[in-house]
Structures are given as C-alpha cells and as structure tokens.
Amino acid sequence: MAEVRLENVCKSFGDVKAVDNISLHVKDGEFIVLLGPSGCGKTTTLRCVAGLEHVDEGKIFIDEKDVTDLPPAQRGLSMVFQSYAVFPHMTVFDNIAFGLKLRKTPADQIKERVKEVASLVQIEDLIDRYPYQLSGGQRQRVALARALAVEPKVLLLDEPLSNLDAALRLQMRAELKLLQKKSKVTTLYVTHDQVEAMSMGDRIAIIRNGSLEQVDTPERVFNHPENTFVGNFIGSPPMNMLECDVVEGGSIAIGNFTYKLPESVVKAIRKTKTSRVILGIRPKNITITKEKRKNAFMAKIGVIEPIGEELVVNLTVDGKLLRVIASPSQDLRMGEKVWLTPDSRKIHIFDKKTGKNLL
Amino acid sequence: MKKQEVICYIAMVIISLFVLVPIILITIGTFTPRLELYKWPRGLIPSRFTSDSFISFAQSYGVMNGLKNSITVAVLTVIFSLLIGIPAGYSLSRFKFKGKSLFTVGVLTTRMFPIAILAVPLVKIYMGLGIYDSILGVAFIHTIFAFPFAILISHSIFASVPGELEEAAMVLGCSRLGAFRRTTLPLVAPGIAAIAIFAFIISWNEVFAATLLTLHNRTLPALIVARLEATTLDFLFASAFFMLVPCLVFIFIIRKRLLRMWGIILR
Amino acid sequence: MSPKRQSLLPFFLILPAVIFFLIFFALPLISGIQTAFTTPEGELTLANFEKIYGKSFIKAVFNTLSLVAIIIPIQLALALVIALLVNTRLFGTSKFLFICAIPIALSEIVAGIIWLSIFTEKGYLNVMLHTLGFLKQPTIYLSYEKPATLFMTIALTEIWRATAIVMLIILPGLQMIHKDYFDTADIFGASRLQKLRYVTLPMLKPTIRTSLIIRTVLAFQMFAPVLVLAGRAFPVLASETYRIQFFTRNIHLAAAYALIIMVISTAFVLFYMRSLRTRWSA
C-alpha cells in the first residue's frame, strides 16, 4: 500500500498545456477521483503517474520514492484503460496472468492467484475464453482482474465505466467501490461523470484546463465549492449564478429588488471590498411562493420540466435564467409571476473578478 | 429473383468470363503439343495434353538461373521493404512528431512518378556503385516500388491495434520493446505476411527496371523480354504460365485482405 | 525511457525509409535531370533532346497519349461497374470480386503473352472464329501494317490487366460512402441513376482522382505488352526509352527520354489534382 504525491507536475503537447502545475497528495488506501470536463488534462495526469507520459516539470513520488524517471514497469502500479486493452490474442487466464508471468511468478502460484482475483471479480467461469467471446462488462472485469492480480501499490483507472450501458455502470460502480475498500489499494480514478465521482470518491480532485480547482470530500465539494467553476460543474441541474451589485446596508441588487444578506456574508464581502459579486444558489435551495414574502424577489415562470418526483422550473429574473426544483403539488404555470426566496444559509457569494468563493 | 438482380448476375458472369477465359486459354496453350500451336486448322482443345513445352522451357538456357535470380530479388525486396516499411509505419501510427506530414507526403509522391523510369538514371549510378547487372541493384529499385506500400499498409495495420494494449503491457511490467513483441506483433503478424506477399508479387512481376538494370543476371521477366524476338510460342506460353501460377496462389492467400490493403493505399 | 530518447525514437524509426528514399528516389531523379542536359563529356547541352526529337518520338508520344485517352476512361467505367456490382452484396459477389482482382497479381509481360496467345496468327481468336465457321484462313492481327488493330489489341490487354487496379481503389472508396446518404436520396425519391449522378459520383471524386493518378502514371511506364504484341511496330514512350538505352547505349539520350516521360506524367498528375479538386475533402 502506498501514498502518491505529485509535486508541481507540468506536461505540454506542443503549445497545449495539458497539465499545468498540479500538486496532489493521495493518501495510503485512499480512493481519489480526478474529475473534469473532457480535455481538461485529467487523463494526462493519470498517464503521468503511470509513466506513460514523461512529465516536463515537477516530480512524482510513490511511497516517498521518486519515480519521475522510472518506466511504468518499475513503478509498482496497475492501470485499467478506458478501452480495457484486454489482449485479444490471449485467453482470460493469460490476460490475468500476464503481469505475474513477467514477474517470473512460479506457475502454481500464478494459477492460484488468477483463480483468486477471477473469483473476486466473478469471472471464474470465463477463464478459458478469448476476449471476443466476452461482453463489454466481462471484458471490463478481466481488465480489472489483470490489474489487481499483480497486487499493485497503486491502481489507476481511466474512465473504466464509460463504455458500459447505464444499468451495468450502476452495478459496477458499487462493486468497484466495494472492491477498493476490501483491497485497500490506493486508487486514482479518472472520470467526467460527477455522479460517479460523488458516489465513489473518498476525495474528488476537480481539474480544469490542466489545473486543480478544488480537492475535497464529495460533501465539501458539493456544499462548499471554492469557485464558480466547481459550483457550476457539480450538481444537476447546476447551481444558479446571478451577477449582482453590492448595495449599501448589506444587500445585493437583483433586478429591481434588493436582497438582504446575512450578517456573516456581509462581513466576508466587506473584507474583500468588492462591489460586484455572483450569488450562487442551488435549485433545491430556493422556495417558490405565489404571495410576496420578506426578502424575496419576483420572477417569471418559463418552461416547466417534470423529472419524475420533482419539477425543474425555469424562471427569468431580470433577464437571467434561473432553475428551481419544486414539488408537482404546487400549481405552477408558464408565464406566471411568482416570488423566490433563497435559503439564506445555503447561499454562496463569489467574487465576480476572481470567481473565488468569499465565504 | 428480381429483374435487376438478373441483370446484375448476367453482368457479373460476362465480366468474370472476360477475366478468366484468357487465363484458361494460356493454360491450355501451355499444355498443347508444340507443333499443334502452329498447325492450321486447329481446334481449341488439343489432341492431347502434354507438359513438353513446360519441361523444355524449364530446361532452356538461363531459365533456371533467371528463376533463381527472380526469387532472390523478390526475397530481398520483401526483406528490405519490411525492414524499412515496418518501423516507419509503426512510427507514423504511434507517435506525433515534427515533419510527420512532410514524410507522409514524401511517401505519397513516390506513387505520382513512373518510378520504373528512374531505372534509366540508376544505370549510371549503379555503374558508379558497382552494382549494375547485380541482383542487389534490382532488389533496391524493386524496394522503391514496394516500400511506400509497406509503410502505408503497416501504418494502418498498426493503427488498427490500439496503442493501449502496449501501454497496458508496459504498466504490467514490459519494456517498450517487450510490450511491442508481446502484444502488437502477434496481432499484426498476418497483416505483415500480406505485405510480404504483396512486395514479393511486385518484384516478381516487374519488367522494365529489371530489363534495364541487368545484362547477364537477368530475372525471369527480363530474360523473357530479352528473348522476345528470337523465341517460339511454346516457350512464351510456358513462361507466362510459369510466372502466373505463384501469383495466383499468393493472391488466393491474401484475397481477404486485398480490399483493405488497397483501400489504405489510396488515402 | 528518458524524455530525449522517447522523442528521438519516431525519427530513428523513419530514418531507414528517408535514407532509402534519398538514395534511390531523389538521387536518380536529380542525376537523371542532370544526365539529360549534359553531353558524355559533361558539358551542358540541349542536344540530347534535339537528337531524340524525330518521327519515332512523335509517334511514341502520340501512341502513348492515345492509349491513355482510350484505356483510362474505359477502365474507369468498367471499374465503377464492377465496384457497383460488388456493392450490391448479392450472393456470390465476394467470389466475383476475387475473380476481378486476379489480374492485379499478373505481370505486364504475362498479360502480354496471354493476349498474344489469343491474337497471334494461329491464336485462339482465329481458332474460335474458324470453329464457328466465320473464317477459313487465319487473319493476321499483329502486323505493322495494321496500326489500328495493334492499338486495339494493346488497349484490350491493358484494360484486361489493369482494370483491377482501378477497381480495387474505387471499391473501398465506394464502401466508405455512408449508407445514410443513399437513404436520404431514397426518401426524396431519387432514382437509381439520380443516386449515381448526385450521390455516388460526387462523393467518389477524391477516390476517382487517386485512381486516375495511379493508373495514368502506370500507363506511362507501360512497356512489356507493347513489346510482346507489337515489337517495334508500335513505339510507346517507355519502350522507346528501353530501345535507346539498349541499342544506342547512349545514357544521355535515354535520360532525356526518361525526363520527358516524367514531365508529361507529372503534368497529368497536376492536371488531375487541379481539375478534380473538391472543396469538402483534400
């Protein structure tokens, strides 16, 4: 078992900075998810850890050992690829045994170990088949078994579930997490799917344009986004972002209305002396009422999208779009004017200039 | 069967006959007694089938030597094309590097030139190098015919084997070369065999350059060209049949890959 | 795997190809141009071109170009028909494809001899015509007195031999056209011919261009069928180059001839590139 430490890692392809000064400390046995939109550099980061890409700058440590210049084979890690990369010309057994054979493990031990991991991922019946005889989910398990067979210090997973259908993805998500908890192997997991990240990661590292935006537990990432990008990226529908001016007396202006902020928030804004902020509030944390309330502002209802138990109500406030999750029991109609009350304990205030969360 | 299908089948039969009948005729001609070829009137089917022409062709002066030369040149062409083409094809499929597109354009321009014509200036260069009228010299120019094909085809074969397989092998403990040997190589072996056959056929069939670049060490096609004006029909028929058979066998072996290989070359 | 070594590996791998290309392609090309413009003594001259310019040169150019003009359109049309037939995917089309592809493996000289066995005086054409009762005495086809017949037999041989090359370029191009385009045309009620005219042919344009380039270039080095069927009675550029090289032993004249072939064939390539350009693909 091992820690992984990245120190100021940089990697460019031509003019494109794929990884831009990333430092990250993955603790022993931790399951960390690298999350970000496609092309953000998360996979490149993973490949740098694997040694498949050589970093331009910075260092990578596995268990306090500098592996920056070591080839992948000598880093003591395993990787599951997005396409699984199961060798088509080998049986399931030979695939799983591949790494063990390279380590010159005695044949009987290989057999035993293959059996062990095969049963761990529930493919013991498929051991003599060739990959073309397997379904996508089964290939995925083979790739996983192959990676686990060598008892790696670190397990790297590159979007391993993205090629599976929705139902299987859900099942594998739970299995993977359980497997990781059992084996306690330090795991770096790359995905662009925030639900996957939230449900699996001990911590989530959110990456944008090659830089880390926030590294935190799923709960912290959701409830305390450090900046507008994280706030926007996590959660579905995304957090509402309203640009507003700060007005005298601890309020902000939303169209023709003023919204009074709690005292703690006002203090935080004062410290930065900024005059233009972004109010962030999740769709769940706004209440819609038909009659006027204190500290509420008016909005006009646009399209209403039913999503099962709830409604996503699109509203416009001062020409800007807002989404609110409401209950179908509320009798809301398109074109209606209603009052919105944000939950003042759940609001976020971001600096307009830097995008940083001020709270 | 619909009317359109009937038309399609009729067209297919006519075209097939157009291709096949001449091949059947040369086969009949090869096994017709020599004198009957010059008789008139004569029938389509000879009075008896005999391998006399064939045997006398094989025994005529220079033929066995020509055969040996042809095979040696073709084998050398295969080896050179693979040695030059495979690394280049691999490089194109696995790496991004400066000058890659320039290199590809360079490879493609070779097919925009009547390369055989280069044999003319090569005569002079070969004389300077001391490889005029040598097996090696012919093999070199045949390699110029074959290696762009080898590069383009192997490029696409390698591209069809995901690089992630090699990476997975490297992560699991292989060196770069070991990963290539254990994952990519076994998967591309049949494709490379097809390239080899292709290079062999190109060399085995080539006439112009081989004729120009040799005097005594003639390959089979060059030998036939040199003898054209002083030979008999039975010699020619037997020679054509003799050269035809290995090609038919080879094309049968690679028939499944033929389309894909050409599809690659055109892009 | 240091970063430096890794970045040099791709160059290292193409190095043999580059060296080979320079020695056996670029060098002869340059040396050929130089040889064509110099005397055996090494002086710069145009005399080589003046010497080869004459009746047989004009004939060779004329013959070569007329062969190109006749063979290539017919081959293109035939190749397209074969490709369309293969693409119907009726039962047996894969065998049909294999049969049509056979000539690609045949040498020019083999093709020449095969058709010689048909067109020679006591060859299979006369034998069949005789058997069917159309003629009593054999007709002579391959004679210098009948240039038109010679031309036709050579053209037929080339069509038989090299249509496969064109077809094997066209067919993959045809199969790359997505079925959705044809379905779309169907929805708008296009007939078979309209689909060919408005969907297939325009989308095949880049492929057709490639096949024309490859085929035309090959036509300029065509040589063996001409020698087998016509001997010297039907000079073409490549066979004249061979004759000069072998019978005058003047490499400067031969190089001048070779250079002319290069120039004409390059002119054709450029013409195709310009005239068959498409806006939506390279």
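Residues numbered from 1 in each chain as written. Chains lettered and ligands numbered in written order. Predicted model: local features only at pLDDT ≥ 70, side-chain atom pairs only at ≥ 80, totals over all residues.

Things to note about the overall build of chain A
Looking only at helices and strands, chain A features nine helices and 20 strands. C-alpha extents for chain A along the principal axes are approximately 75 × 45 × 35 Å. Across the 359 residues in chain A, those meeting the buried criterion constitute 41%. Contacts spanning at least 24 positions in sequence make up 67% of the contacts within chain A whose residues lie at least 6 apart. (Helix = DSSP H or I, 4+ residues; strand = E, 2+ residues; numbered from the N terminus. Buried ≥ 20, exposed ≤ 12 C-beta atoms within 10 Å, placed from the backbone. Contact = placed C-beta atoms within 7 Å.)

A word on the overall build of chain C
A count of helices and strands for chain C gives 12 helices and zero strands. When the elements of chain C are put in sequence order from the N terminus, they spell out α-α-α-α-α-α-α-α-α-α-α-α. With respect to the three principal axes, the spread of C-alpha positions in chain C is 80 × 70 × 35 Å. Counting all 282 residues of chain C, 43% fall into the buried class. Across chain C, the fraction of contacts at a sequence separation of at least 24, relative to all contacts at a separation of at least 6, is 72%.

Considerations on the nonpolar core
In this structure, Ala119(B), Ile141(B), Ala150(B), Leu213(B), Ala240(B), Met167(C) and Leu229(C) are the most contacted members of the largest nonpolar core, which totals 159 residues. Ranked by residue count, the leading element in this core is helix α6 (residues 135–160) of chain B, at 15 residues. Apart from residues lying up to four places away in sequence, Leu213(B) is in contact with Ala119(B), Leu122(B), Val123(B), Tyr126(B), Tyr132(B), Gly137(B), Val138(B) and Ile141(B). Listed in part, the 84 residues of the second largest apolar core include Leu24(A), Tyr84(A), Leu144(A) and Ile204(A). (Core = buried A, V, L, I, M, F, W, Y, C linked by C-beta atoms within 7 Å.)

Considerations on the packing of helix α2 (residues 52–59) of chain B against helix α11 (residues 233–253) of chain B
To describe two helices that pack against each other, one gives the angle between their axes and the distance between the axes. All names here are of chain B. The geometry of α2 relative to α11 is characterised by a closest axis approach of 9 Å and an angle of 85° between their N-to-C directions. With respect to α11, the element α2 is oriented roughly perpendicular. Across the interface between the two elements, Ser53, Phe54 and Phe57 of α2 pack against Asp234, Phe235, Phe237, Ala238, Ser239 and Phe242 of α11. Counted by class, the contact of α2 with α11 contains six nonpolar, two polar and one charged residues. (Axes fitted to C-alpha atoms, helices over the stretch in contact; angles between N-to-C directions. Parallel < 35°, antiparallel > 145°, perpendicular 65-115°, else oblique. Nonpolar A, V, L, I, M, F, W, Y, C, P; charged D, E, K, R; others polar.)

Let's talk about the packing of helix α8 (residues 179–187) of chain C against helix α9 (residues 192–220) of chain C
Residue and element names in this part refer to chain C. With their axes 10 Å apart at the nearest point, α8 and α9 run at an angle of 160° to one another. With respect to each other, α8 and α9 are oriented roughly antiparallel. In terms of crossing hand, the pair formed by α8 and α9 is right-handed. Where α8 approaches α9, its residues Tyr181, Phe182 and Ala185 are matched on the opposing element by Lys195, Tyr198, Val199 and Met203. Per-class residue counts for the contact of α8 with α9 are six nonpolar, no polar and one charged. (Left-handed = near helix turned anticlockwise from the far one by under 90°.)

Here's the deal with the interface of chain C and chain B
Opposite the 79 residues of chain C that make contact, chain B presents 80 residues. When residues in the side of chain C that touches chain B are grouped by element, the largest group, 16 residues, is from helix α1 (residues 3–36) of chain C. Its residues assigned to classes, the side of chain C that touches chain B shows 60 nonpolar, 17 polar and two charged.

Describing the sheet that holds strand β12 (residues 251–254) of chain A
Residue and element names in this part refer to chain A. What the five strands build is an open sheet, ordered β13-β12-β11-β14-β20; its pairing is antiparallel. Of all strands in the sheet, those bounded by a partner on one side alone are β13 (257–260) and β20 (348–351). Averaged over all pairs of adjacent strands, the angle between strand axes in this sheet comes to 40°, irrespective of strand direction. Sheet topology note: the strand β14 (residues 276–281)/β20 ladder contains four bridges and is antiparallel. If you follow Leu279 over to β20, its bridge partner there is Ile349. Across the sheet, helix α9 (residues 263–272) touches β11 (240–247), β14 and β20, and the angle it forms with β20 is around 5°. (Pairing = 2+ DSSP bridges.)

With respect to the domain arrangement of chain C
All names here are of chain C. Each assigned domain of chain C is listed here: domain 1 (1–36) and domain 2 (51–275). Using C-alpha coordinates to define each centre, domain 1 is positioned 33 Å away from domain 2. Contacts between the two partners involve four residues from domain 1 and, on the opposite side, six residues from domain 2. Partitioned by chemical class, the residues of the side of domain 1 that touches domain 2 number two nonpolar, two polar and no charged. (Domains from an automatic or database assignment.)

Some thoughts on the sheet that holds strand β16 (residues 297–306) of chain A
Residues and elements named next belong to chain A. Judged by pairing direction, the sheet is antiparallel, and its five strands sit side by side in the order β15-β19-β16-β17-β18 without closing on themselves. Each having just a single partner strand, β15 (286–289) and β18 (320–326) make up the two edges of the open sheet. Looking at each pair of strands side by side, their axes are set apart by 45° on average, direction ignored. Of the strand pairs in this sheet, β15 and strand β19 (residues 337–342) are connected by four bridges, and their pairing is antiparallel. Residue Ile286 lies in a different strand from β19, and its bridge partner there is Pro342.

Looking at the confidence of the model for chain C
Residue and element names in this part refer to chain C. Overall, the prediction assigns chain C a mean pLDDT of 88, with 96% of residues at 70 or greater. Model confidence for chain C, summarised as mean pLDDT per element, is weakest for α8 at 83 and strongest for helix α5 (residues 108–119) at 95. This model gives residues 1–5 a pLDDT under 50, and the stretch forms six contacts once residues within four places in sequence are excluded. With a pTM of 0.80, the predicted complex shows an ipTM of 0.89. (pLDDT = per-residue confidence, 0-100.)

Let's talk about α6(B)
Counting along an α-helix, one turn takes 3.6 residues, and residues three or four places apart therefore face a common direction. Residue and element names in this part refer to chain B. Between the first and last C-alpha of α6 there are 35 Å, a value that for 26 residues agrees with the 38 Å anticipated at 1.5 Å per step. In α6, a bend of some 35° at Phe145 exceeds every other bend along the element, and Pro148, a proline, comes one to four places later. Counting buried positions along α6 yields 21 of 26 residues, so the element is predominantly enclosed. (Expected span 1.5 Å × (residues − 1). Bend = angle between axes of the 7 residues up to and from the residue.)

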